[in-house]
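Working through the structure, step by step
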Amino acid sequence: MQTLADPIPLAEIRAARERIAGTVLHSPLIRLNVDNAPAEIYLKLENLQPIGSFKLRGAGNAILLAPPEQLKAGVYTASAGNMAQGVAWHARRLGIPCTVIVPDDAPQTKLDAITRLGGQIIKISHDDWWQIIVTHHFEGVPGLFVHPVSDLAVIAGNGTIGLEILEDLPDVEAVVIPYGGGGLSTGIASAIRALKPDTRLYAAEVETSAALSVALAAGEIRPFNYQSSFVDGIGSSSVLADMWPRVQALLDGSLVSSLHEVAAAIRLIAERNRVIAEGAGAASVAAALAGKAGHGKVVCVVSGGNIDAAKLTKIFRGEME
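Quick summary incoming for the structure in this document. If you're wondering where the values come from, they're calculated on a predicted model, not measured in any experiment. (Residues numbered from 1 in each chain as written. Predicted model: local features only at pLDDT ≥ 70, side-chain atom pairs only at ≥ 80, totals over all residues. Heavy atoms only, no water.)

Another aspect to go through is the packing of helix α7 (residues 152-168) against helix α8 (residues 183-195). Where α7 meets α8, the closest approach of the two axes is 7 Å, and the angle between their N-to-C directions is 50 degrees. Put simply, α7 runs oblique to α8. The crossing of α7 and α8 is right-handed. Residue-level contacts link Ile155, Asn158, Gly159, Ile161, Gly162, Leu163 and Leu166 of α7 to Gly183, Leu184, Thr186, Gly187, Ile188, Ala191, Ile192 and Leu195 of α8. By residue class, the composition of the contact of α7 with α8 is nine nonpolar, six polar and no charged. (Axes fitted to C-alpha atoms, helices over the stretch in contact; angles between N-to-C directions. Helix = DSSP H or I, 4+ residues; strand = E, 2+ residues; numbered from the N terminus. Parallel < 35°, antiparallel > 145°, perpendicular 65-115°, else oblique. Left-handed = near helix turned anticlockwise from the far one by under 90°. Contact = heavy atoms within 4.5 Å. Nonpolar A, V, L, I, M, F, W, Y, C, P; charged D, E, K, R; others polar.)

Here you go:
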């Protein structure tokens, strides 16, 4: 019987890959064009998925695994934006209703994308929204609930990224993964631990939302004073209890960057590789550029590129929010 500390079985990740084939891009893995970096840094460009984020993988696997009768009333999720787009994209493709519960600080770019994909938006306070993440439930909305983080089918879908990394760079030495709730990092780590267990696997956080770093240092979940910033795709005030055992078992640590370092990484990626990353997506690159992931071949997962144009302009100008 699988426990909360066990990795997702490799067979389930491989099955997820077959299931979502044709709807998800095998995203490019390219070298970061920078001199004098502390490591040989590669970018896993999940920002190039049809919705601009890796979330298409997990959302697709969860929805395609559900029995048809469960989907008759539609699907819903709780998301600040990227998972919402993943669920809405698949719902539109299947012709079923989609509802998204978002926090009141969700960025407008992501809200516009949800609407464009046909999703119905319910906006609530950030604290109330977080309770849906904790309880896996929201009263009054019919349909299948797709949890953005701890749904095992979602994690297995995310794990397909790990398969692609090892195929494209078999001698990878470290992988740095943006950490929101742990669904992305534990999915990728499950695949890589099964196939290349000596790989160093790190979460990437930012100083304003480093709940995992605090928990790992304490050896237990601790509250964190989460602060909203332009890095809106990752972080929370606490590590999810149902993710904590698996995170502890699979990851080698959390690498925390400053907002300044993340903004600098966004500019560098755009200038050197002509790639647009949102704050969460650039957090992994910021950590690697600072040498926190060590030397050798380091893959940074650029988890998404959905950033407001106004925020991006300010970052390019060297302004901080």
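Continuing now.
A few words on the pairing of strand β10 (residues 297-302). Most of β10 is tucked away, with six of its six residues classed as buried. Burial along β10 is two-sided: the residues Lys297, Val299 and Val301 and Val298, Cys300 and Val302 are all buried. For strand β2 (residues 40-45) and β10, the ladder comprises six bridges, and the chain directions are parallel. Counterpart to Ile41 in the pairing with β10 is Val298. (Buried < 20%, exposed > 50% of the residue type's maximum accessible area, 1.4 Å probe, protein only. Pairing = 2+ DSSP bridges.)

Turning to the layout of surface pockets, a few remarks are in order. Put simply, the largest pocket is a space of about 570 Å³. In terms of lining residues, the largest pocket is bounded by 39 residues, among which Ala80, Gly180, Asp232, Gly233 and Ile234 are the most central. Among the elements of the structure, α4 (82-94), α6 (126-135) and α8 are those that each provide at least two residues to the lining of the largest pocket. Of the residues forming the lining of the largest pocket, the biggest block, four residues, is contributed by α6. The residue makeup of the lining of the largest pocket, split by class, is 17 nonpolar, 16 polar and six charged. (1 Å grid on protein atoms, 1.4 Å probe; cavity = no way out; pocket = protein on both sides within 12 Å on 5 of 7 lines; lining within 4 Å. Points joined across faces, edges and corners; volume = space filled by probe spheres on them.)

To continue, consider the pattern of salt bridges. Any two side chains of opposite charge can pair if their charged atoms end up close together. Within the structure shown, the criterion is met by 13 salt bridges. Taking the shortest distance from any N to any O, the salt bridge between Asp171 and Lys297 comes out at 2.6 Å. Taken together, the residues Asp171 in the loop between α7 and β7 (174-178) and Lys297 in strand β10 connect sequence positions 126 residues apart. Of the charged contacts in the structure, one is a salt bridge between Asp198 and Lys196, with a shortest N-O distance of 3.4 Å. Overall, the relative accessible area of 18% leaves Lys196 in the buried class. Within the structure, one salt-bridge network assembled from shared partners comprises Lys44, Glu46, Arg57 and Glu164. (Salt bridge = Lys/Arg side-chain N within 4 Å of Asp/Glu carboxyl O.)

Moving on, we get to the sheet that holds strand β4 (residues 98-103). Strand order across the open sheet formed by four strands is β5-β4-β3-β6, with parallel pairing between neighbours. Here the strands that pair on one side only, and so sit at the sheet edges, are β5 (120-124) and β6 (144-145). Inspection of the sheet shows strand β3 (residues 75-78) paired to β6 by two bridges, in the parallel sense. Paired with Tyr76 across the two strands is Phe145, which belongs to β6. In the packing of helix α5 (residues 108-116) onto the sheet, contacts are made with β4 and β5, and the angle to β5 comes to roughly 145 degrees.

Further remarks concern the packing of helix α1 (residues 10-20) against α7. It is the contact of α1 with α7, at a shortest axis distance of 8 Å, that shows an interaxial angle of 95 degrees. As summarised for this structure, α1 and α7 are arranged roughly perpendicular, according to the angle between their axes. Along the contact surface, α1 presents Leu10, Glu12, Ile13, Arg14, Ala16, Arg17 and Ile20, while α7 presents Ala156, Gly157, Gly159, Thr160, Leu163, Glu164 and Glu167. The residue makeup of the contact of α1 with α7, split by class, is six nonpolar, three polar and five charged.

When helix α13 (residues 309-316) is considered as a whole, its buried residues turn out to be Lys311, Leu312 and Ile315. Projected down its long axis, α13 carries its buried residues within an arc of 100 degrees, all on one side. In α13, the exposed positions that point more than 90 degrees away from the buried face belong to Ala309 and Ala310. The inward-facing, buried residues of α13 contact α11 (259-273). One or two residues past the end of α13 sits Gly318, with phi positive at roughly 85 degrees. (Arc of directions from axis to C-beta.)

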